[in-house]
Structures are given as structure tokens and as C-alpha cells.
Amino acid sequence: MANPSLLILPGDGIGPEIMAEVHKIIEWFGAKRGLHFDVSEDLVGGAAYDAHGVPLTDETMAKAQEVDAVLLGAVGGPAYDDLDFSVKPERGLLRLRKEMDLFANLRPAQCFDALAGFSTLKPEVISGLDIMIVRELTSGSYFGEPRGIFEENGERVGINTQRYTEGEIDRVARAAFDLARKRDRRVCSMEKANVMESGILWREVVQAVRDADYPDIELSHMYADAGAMQLVRDPKQFDVIVTDNLFGDLLSDVAAMLTGSLGMLPSASLGVPMENGRPKALYEPVHGSAPDIAGQGKANPCACILSFAMALRYSFDQGEEADRLESAVENVLSKGLRTPDLMQKEGSTPATTSEMGDAVIAELEASL
Ligand code: IPM
Ligand code: MG
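Predicted, not measured: the structure shown is a model, and the values here were computed from it.

### A few points about the sheet that holds strand S2 (residues 38-41)
By way of backbone hydrogen bonds, the strands of a sheet pair with one another, either parallel or antiparallel.
Working step 1: A sheet is described by the order of its strands in space; here 10 strands give the open sequence S2-S1-S3-S12-S11-S4-S5-S10-S8-S9, paired in mixed fashion. Looking along the sheet, the strands with just one partner apiece sit at the ends: S2 and strand S9 (218-223). The mean angle between the axes of side-by-side strands here comes to 20°, regardless of whether they run parallel or antiparallel.
Working step 2: Summarising the sheet, strand S4 (residues 104-110) and strand S5 (residues 130-136) pair through 7 bridges and their orientation is antiparallel. Paired with Ala104 across the bridge in S5 is Glu136.
Working step 3: Most of the contacts of helix H1 (residues 15-33) go to strand S1 (residues 5-11), to which it runs at about 155°, and overall it touches S1, S2, strand S3 (69-74) and strand S12 (279-285).

See the structure below:
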């Protein structure tokens, strides 16, 4: 059987240097666990714009459609701030999400014990935190029509449209319920049914899916603003949260920061199953391209490494190897190694990006 294929898109800023660490991890799994991948690499975001004048070429898009999984670093940076909207680095990422139809974006917010002191919240509020946000990723106000900036009565008007079909809500609800079955079987759905018709429909459809096919799941509903408040007040009340594209963008940043370390959080974006049964999939860290520290060996590669762990779990059916990799990262933190984003005190010497990657490899070795 052919090796599973992986397309790596390092992107901009710290993307290439964190991805270099993931390459080491991938090689380790090949050499030590017999897990071989056909890895190809290509450009996305500003890097693609610099080379080709677009943030994602049609060729790269076609490749992404063919592979078993895509692993992306990060896109964007100040050098591209003045570009036309249509060729901004972010458009490359949005095109991948839309054309691969990656409707279910899984964003875990997990608090590593060793980092509980990093949160701005009290340790007891967040220690042991383990929630999963399922964000709808291919519809809603990010993509709804009409959109644009138009002239109206002598002034300009900016328009975006929040739009959800029943089918779009149904499928992301199922993704959330399926995940909840592997966790604590609780889902909280967030919308603004008090002001938006799309929210009324969202609530109805999510409830109907639960009643018809997931009676074993405890479903609650919350207005998204109250949800944001509850996330900060008592985040451990949640297991799985399912929400739309824009609310999910905001709520997942809130949830991420609860853990105190954006540099630790991975994500998976999953679509419908391909012929081989694997879902279309793209994995990426939740953090951005951090242009201010790019190229200095200061970036934390853990979120990107953990994104590869999610690929092992969700694309390659290697749950045990994913556990192995996640434990390796956790052990590195427990032993006190820290990249600068995880340092509280001045004076101690931070680990570099590649020292962090090497330490994860050492823990993987120790796990054998
Ligand atoms: C995210 C980011 C993206 C989004 C940007 C980079 C387009 O904020 O993945 O959360 O808004 O979806
Ligand atoms: Mg965001």
C-alpha cells in the first residue's frame, strides 16, 4: 500500500522554523515507528504571493485536494498589509478551507499542568481544563453573499452576510456530537437566537439532530455573548462547544488564552470523507505568524507539533502514536523546558525552537 501523503505548507513568519521541527518528528516516526509519509512541501500566504503573485496557486490548491492531509504553519505579516484584499495572505488559507470544504474546525483548549500558572485566570479555574470548540468553518459571515463595499446614496456601505443552510448546520452539529461521544458527552451550542434568524435556525437544527440521532448527548444552548462570559467565569463547565464561523473565531481565541499559552494549541479542520474513507483535512496551529520574532529561534514549535499529533489521530488512525507525541510534549514541559513565550521570570535561559523540538524527540525516544 502506498504511504499516506502529507502536504506541508510552512507559510510566513515563524511558519518555516516551527515546521522544521515537525519535519524532525515526522522523520522520527518513520525511522522508529515504521510510519512513513510521502511528504511534499509548497508555498502559501505571503510566501506564495512573493513567488507567484497570489497567496495560493491553482497547482497548490489541486495538490491539497489530492493528499491525505495538509499541515500548515501560519500566514500573514506586516509586509503584506497594503496588498489588495483579494491577494492578502489570509485569502490563501480561506481558499483552502472553502475549496476543500473543511466545515468542522476542531480547536482544543487544554491546560497543561506545568503551565497552569501562566493563565491570567486563577489556577483552580483552569487547571485540568480540557474543552473542544467545534467551529463551523466554510459558511456564515465569512463567505455569505452579498458581500463587498458598495456606493449607496452618495456614501460607501460595507456588507457581509450571515447565512446558514440547514444542511450546513446539520453536518457541523453531527461532527460535534460524534466528538462528544468520545469525550464527556456534553455539547453546548452557541449563537445569537435572540437577535439573529440564522441563530434561531441554528438552535432548531442542532436540537433536532440531537433529538433524532444523539439522545445520549446532553445538549445545552447559550447566547454567544453569555458563552464568552461563561468561558472566562467557569470554563470547566464545558466539554464540547459548537458554534458558527465568526463566533467560533472569537470564542476560540478566548478559550485559547485561558490556557495561558497560544503557542501550545493545535487545530484540525475536517471535511467530508474522501474515497479512502479519510476526511479531507488541514491541520494548523491556532497561533499566527508572529512576524516580530520570526527567524530568531524564539518560536514555540509545540502547537505545530501537536497539530501533527491531531493529524495522526484524525487522518491516519494512529491514536496511540498521537498519544505518544502528546505525552512527549507534556513531559518536556513538566521537566521545565520553556521557549520565551512560556517564561515568567527574566533571567533564566529560554530554549530555542530547535532545542524544544529536540527535547520532544528525546522524550519520544524515552517512550520506546
Ligand atoms: C483563525 C484566524 C483566521 C480566521 C484568519 C487568519 C483568516 O483568525 O484561523 O482563527 O479569521 O479564521
Ligand atoms: Mg482567529
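Still to come is the rest of the account.
### Quick word on the side chain of Arg324
Working step 1: Inspection of the secondary structure assignment puts Arg324 in helix H11 (residues 319-334).
Working step 2: Among the polar contacts made by the side chain of Arg324, one reaches the side chain of Glu321 at a distance of 2.8 Å.
Working step 3: Leave out the neighbours within four places in its chain, and Arg324 touches Trp28, Phe29, Arg33, Leu364, Ser367 and Leu368.

### Overview of the packing of H11 against helix H12 (residues 353-366)
Working step 1: In the contact formed by H11 and H12, the axes pass within 8 Å of each other and the chain directions differ by 120°. By the angle between their directions, the pair H11 and H12 is classed as oblique. Classified by chirality, the crossing of H12 by H11 is right-handed. Residue-level contacts link Arg324, Leu325, Ala328, Val329, Asn331, Val332 and Leu333 of H11 to Met356, Ala359, Val360, Glu363 and Leu364 of H12.
Working step 2: The residue inventory of the contact of H11 with H12, partitioned by class, reads 9 nonpolar, 1 polar and 2 charged.

### Quick word on the packing of aromatic side chains
The geometry of an aromatic ring pair comes down to the distance between the two centres and the angle between the two planes.
Working step 1: All told, the structure shown has 8 aromatic pairs when counted by the stated rule.
Working step 2: Each ring, one from Tyr49 and one from Tyr80, has its centre 6.5 Å from the other, and the planes form 80°; the classification is edge-to-face. Here Tyr49, found in helix H2 (residues 46-52), pairs with Tyr80, found in the loop between S3 and helix H4 (89-99); they are 31 residues apart in sequence, far enough to count as distant.
Working step 3: Site record: aromatic cluster; members linked through ring pairs are Trp28, Phe29, Phe37, Phe308 and Phe316.
Working step 4: Note that Lys98 overlies the ring of Phe143, its terminal NZ or CZ placed 4.8 Å from the centroid.
Working step 5: A cation sits over an aromatic face here: Arg135 above Tyr142, 5.2 Å from the ring centre.

### Overview of the pairing of strand S7 (residues 155-161)
Working step 1: Bridge count between strand S6 (residues 144-152) and S7: 6 bridges; the pairing is antiparallel. Across the sheet, Gly148 pairs through a bridge with Ile159, a residue of S7.
Working step 2: Where S6 folds back onto S7 in an antiparallel hairpin, the turn is made up of 2 residues, including Asn153, whose phi is positive at roughly 50°.

Rules and cut-offs
Residues numbered from 1 in each chain as written. Chains lettered and ligands numbered in written order. Predicted model: local features only at pLDDT ≥ 70, side-chain atom pairs only at ≥ 80, totals over all residues. Heavy atoms only, no water. Pairing = 2+ DSSP bridges. Helix = DSSP H or I, 4+ residues; strand = E, 2+ residues; numbered from the N terminus. Axes fitted to C-alpha atoms, helices over the stretch in contact; angles between N-to-C directions. Contact = heavy atoms within 4.5 Å. Polar contact = N/O pair within 3.5 Å; in protein donor to acceptor, adjacent residues only side chain to side chain. Parallel < 35°, antiparallel > 145°, perpendicular 65-115°, else oblique. Left-handed = near helix turned anticlockwise from the far one by under 90°. Nonpolar A, V, L, I, M, F, W, Y, C, P; charged D, E, K, R; others polar. Phe/Tyr/Trp six-rings, centres within 6.5 Å; stacked < 30°, edge-to-face > 60°. Lys NZ or Arg CZ within 6 Å of the ring centre and 35° of its normal.

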